[in-house]
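Here's the letter readout for the chains.
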Amino acid sequence: STVETIRPIESSVEDGQIRDLYGKIYVHLYDEYPAIRKMVKSALKMDLKSGTKTTATDDGGERCRSAIRNRFRDKYGEFWVAWDATEARITGCVGIGLRKKREACEP
């Protein structure tokens, strides 16, 4: 039986696993729905991009080693993964963060 745990993403290694998983989820829809390919490419460039090292925070704490988690925390959110302990791998994910308000253009 598989044991799934939902927990915050923890490391740059898991960042790579998330990028790989997300990059594969929608491949079967690319030909029929070109906008999905664009959406995945955009997410991999923005919210799911790899990057930053661990750094100190203003309150003396240490930021997480996951660039993805830090990016969502910067948006007052969080990024969680579904962890399969039996296979020692990530099987799913969800991230929630505030988005900037879009303002309509004046006519």
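Procedures and definitions
Residues numbered from 1 in each chain as written. Predicted model: local features only at pLDDT ≥ 70, side-chain atom pairs only at ≥ 80, totals over all residues. Heavy atoms only, no water. Helix = DSSP H or I, 4+ residues; strand = E, 2+ residues; numbered from the N terminus. Expected span 1.5 Å × (residues − 1). Buried < 20%, exposed > 50% of the residue type's maximum accessible area, 1.4 Å probe, protein only. Arc of directions from axis to C-beta. Contact = heavy atoms within 4.5 Å. Core = buried A, V, L, I, M, F, W, Y, C linked by side-chain atoms within 4.5 Å. Phe/Tyr/Trp six-rings, centres within 6.5 Å; stacked < 30°, edge-to-face > 60°. Lys NZ or Arg CZ within 6 Å of the ring centre and 35° of its normal. Pairing = 2+ DSSP bridges. Axes fitted to C-alpha atoms, helices over the stretch in contact; angles between N-to-C directions.

Caption draft 1: Summary view of helix α2 (residues 34-45). Here α2 contains twelve residues, and its C-alpha end-to-end distance of 17 Å stays within 8% of the 16 Å for a straight helix at 1.5 Å per residue. Taken residue by residue, α2 has I36, V40, A43 and L44 as its buried positions. Buried residues of α2, seen end-on, are gathered within an arc of 100° and therefore sit on one face of the element. For α2, the exposed residues set more than 90 degrees away from the buried face come down to P34, A35, K38, K41 and K45. Among the structural elements, α1 (12-25) are those in contact with the buried residues of α2.

Caption draft 2: Quick look at the side chain of D15. Here D15 shows up in helix α1. Those residues within four positions of D15 in sequence are excluded, and the remaining contacts are I9, S66, A67 and I68.

Caption draft 3: Summary view of the nonpolar core. With 14 residues, the main nonpolar core has I18, L48, I68 and F79 as its most contacted residues. When residues of this core are traced back to their parent elements, those giving at least two are α1, α2, α3 (67-74) and β2 (78-84). For I68, the contacting residues outside a window of four places in its chain are I9, D15, I18, D47, L48, K49 and F79.

Caption draft 4: Quick peek at the packing of aromatic side chains. Under the defined criterion, the tally for this structure stands at two aromatic pairs. Here the aromatic rings of Y22 and Y26 are separated by 5.8 Å at their centres, their planes lie at 75°, and the arrangement is edge-to-face. With a centroid separation of 5.1 Å and an interplanar angle of 55°, the aromatic rings of F72 and F79 are classed as tilted. For F72, a relative accessible area of 7% corresponds to the buried category. Residue classification places F79 among the buried residues on the basis of a relative accessible area of 3%. When the ring centre of F72 is taken as origin, the NZ or CZ atom of K75, which lies over that ring, is 5.0 Å away.

Caption draft 5: Quick peek at the sheet that holds strand β3 (residues 89-96). If you walk across this open sheet you meet the three strands as β1-β2-β3, and the pairing is antiparallel. Where the open sheet ends on each side, the last strands, each with one partner, are β1 (4-8) and β3. Taken pair by pair, the neighbouring strands of this sheet meet at an average axis angle of 20°, ignoring direction. Two strands pair when backbone bridges link them, and β2 and β3 are joined in this way by seven bridges, in the antiparallel orientation.

Caption draft 6: Focus on α3. For α3, the buried fraction is high: six of the eight residues fall into the buried class. The set of residues buried in α3 consists of A67, I68, R69, N70, R71 and F72. Tucked into the core, α3 has its buried residues touching β1, α1, β2 and β3. Y76 lies just past α3 and shows a positive phi near 60°.

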